[in-house]
Number of protein chains: 2
Amino acid sequence: MSESNRGNHAGEASRFAYIGLDRVIHEKARLSLLTSLVTHPRGLRFGDLKQLCALTDGNLNRHLQVLESAELICVFKHTEDQRPYTVCQITALGRKRYLEYLSVLEQVILDASSAAESADDMTGLSPVLDT
Amino acid sequence: MSESNRGNHAGEASRFAYIGLDRVIHEKARLSLLTSLVTHPRGLRFGDLKQLCALTDGNLNRHLQVLESAELICVFKHTEDQRPYTVCQITALGRKRYLEYLSVLEQVILDASSAAESADDMTGLSPVLDT
């Protein structure tokens, strides 16, 4: 890489740090859970969430606890015909934080789109600094 | 939630599991690194990557090792004026896997977009199953 090429990165400090990618939301299972819940704002039963996100009982419980502790979801216990069941619902804060997170994801895609468009330039990759 | 509402989820099994969200790529620091590298296909120096992704030396080294082990990047040692430096470059496999990952990310955004549009419906959230 020439010095002039390196100069192109000046002013791009932390350009790709994506500070807004909140780790509480970004974790794969929790992203699945929150996407399920944000698209079902009236709530989902434990069993539905488990199926929609393909999680085991243990993993689902663990991630729900993390999301509940962060006040991104609330968990309710109900009974129907004397049988207990659990319902999870995204909170207003959870929805706000999820949408903020989503805007960062969109930035990742935007940043990468130029690279996707130049796919033809990628053949014959080789180190460039010693050429 | 009424049974008819629950029925809407039939056929949506694992709808939000996002199997394609490869954890090697999805981890926040590694997503930053790969986005940096896919947008700079001719490679980036260690110092540039560190700055662009706002990582410490230790974290950068750790995540580069994970990406190199997965053959998503290659790392080269060079010298310039007798001073050594390291260059990282995304591999063809890395680019392919990153773009596949990106298409799943786009699906997350697509899935969530309908929820974003119905923001006005979210005021006064309350549990729905016991109403």
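What counts as what
Residues numbered from 1 in each chain as written. Chains lettered and ligands numbered in written order. Predicted model: local features only at pLDDT ≥ 70, side-chain atom pairs only at ≥ 80, totals over all residues. Heavy atoms only, no water. Pairing = 2+ DSSP bridges. Helix = DSSP H or I, 4+ residues; strand = E, 2+ residues; numbered from the N terminus. Contact = heavy atoms within 4.5 Å. Axes fitted to C-alpha atoms, helices over the stretch in contact; angles between N-to-C directions. Buried < 20%, exposed > 50% of the residue type's maximum accessible area, 1.4 Å probe, protein only. Lys, Arg positive; Asp, Glu negative; His and termini not counted. Salt bridge = Lys/Arg side-chain N within 4 Å of Asp/Glu carboxyl O. Phe/Tyr/Trp six-rings, centres within 6.5 Å; stacked < 30°, edge-to-face > 60°. Lys NZ or Arg CZ within 6 Å of the ring centre and 35° of its normal. pLDDT = per-residue confidence, 0-100. Parallel < 35°, antiparallel > 145°, perpendicular 65-115°, else oblique. Left-handed = near helix turned anticlockwise from the far one by under 90°. Nonpolar A, V, L, I, M, F, W, Y, C, P; charged D, E, K, R; others polar.

Draft legend 1. Here's a closer look at the sheet that holds strand E1 (residues 44-45) of chain A. All names here are of chain A. Read from one edge of the open sheet, 3 strands run E1-E3-E2, paired in antiparallel fashion. Where the open sheet ends on each side, the last strands, each with one partner, are E1 and strand E2 (73-80). Pairing of E1 with strand E3 (residues 83-90) involves 2 bridges; the strand directions are antiparallel. Bridged to Arg45 within E3 is Val87. In the packing of helix H3 (residues 28-38) onto the sheet, contacts are made with E1, E2 and E3, and the angle to E3 comes to roughly 90 degrees.

Draft legend 2. View of the pairing of strand E3 (residues 83-90) of chain B. Residues and elements named next belong to chain B. With respect to burial, E3 is a largely interior element, 6 of its 8 residues being buried. Both strand E2 (residues 73-80) and E3 contribute to a ladder of 8 bridges, which runs antiparallel. Bridge assignment links Cys74 to a residue of E3, and that residue is Gln89. Hairpin connection, E2 to E3: the antiparallel pair is bridged by 2 residues, and Asp81 has positive phi, about 50 degrees.

Draft legend 3. Spatial organisation of the side chain of Lys28 of chain A. Note on placement: Lys28 of chain A falls in helix H3. The side chain of Lys28 of chain A is buried and forms no salt bridge, while Asp22 of chain B, the nearest opposite charge, is found at 7.4 Å. Discounting chain neighbours no more than four positions away, the residues touching Lys28 of chain A are Ala17, Tyr18, Ile19, Leu21, Arg23 and His26 of chain B.

Draft legend 4. Expanded view of the environment of Arg62 of chain B. Within the secondary structure layout, Arg62 of chain B lies in helix H5 (residues 57-69). The spatial distance from the C-alpha of Arg62 of chain B to the C-alpha of Arg97 of chain B is 20 Å, given a sequence separation of 35 residues.

Draft legend 5. Focus on the packing of aromatic side chains. All names here are of chain A. Enumeration according to the criterion identifies 2 aromatic pairs over all chains in this entry. With centroids separated by 6.3 Å and ring planes inclined at 75 degrees, the aromatic side chains of Phe16 and Tyr18 adopt a geometry described as edge-to-face. Residue Phe16 is classed as buried on the basis of its relative accessible area, which comes to 4%. Seen from the ring of Tyr85, Arg45 lies directly overhead, with NZ or CZ sitting 3.8 Å from the centre.

Draft legend 6. Broad picture of the confidence of the model for chain A. Residue and element names in this part refer to chain A. On average, chain A scores 84 in pLDDT, and the residues at 70 or more come to 79%. Within chain A, the lowest mean pLDDT, 39, falls on helix H1 (residues 3-7), and the highest, 98, falls on helix H5 (residues 57-69). Ignoring residues within four places in sequence, the model shows residues 120-131, a span with pLDDT below 50, making 21 contacts including any to other chains. Across the interfaces of the predicted complex, the ipTM metric reaches 0.78, alongside a pTM of 0.81.

Draft legend 7. Representation of the pattern of salt bridges within the structure. Residue and element names in this part refer to chain A. Counted according to the given criterion, the structure contains 12 salt bridges over all chains. For Asp111, the salt bridge identified is with Arg15, shortest N-O distance 2.8 Å. One end of the pair, Asp111, is in helix H6 (residues 92-117); the other, Arg15, is in the loop between H1 and helix H2 (23-26), with 96 residues separating them in the sequence. You can call Asp111 buried: its relative accessible area is 7%. Relative accessible area serves as the criterion here: at 35%, Arg15 is assigned to the partly exposed category.

Draft legend 8. Up close: the packing of helix H3 (residues 28-38) of chain B against helix H4 (residues 46-53) of chain B. Residues and elements named next belong to chain B. With their axes 10 Å apart at the nearest point, H3 and H4 run at an angle of 120 degrees to one another. One way to sum up the angle between H3 and H4 is to call them oblique. By crossing handedness, the relation of H3 to H4 is classed as right-handed. Contact residues: Ser32, Leu33, Ser36 and Leu37 in H3; Leu49, Leu52 and Cys53 in H4. Taken together, the residues that form the contact of H3 with H4 break down as 5 nonpolar, 2 polar and no charged.

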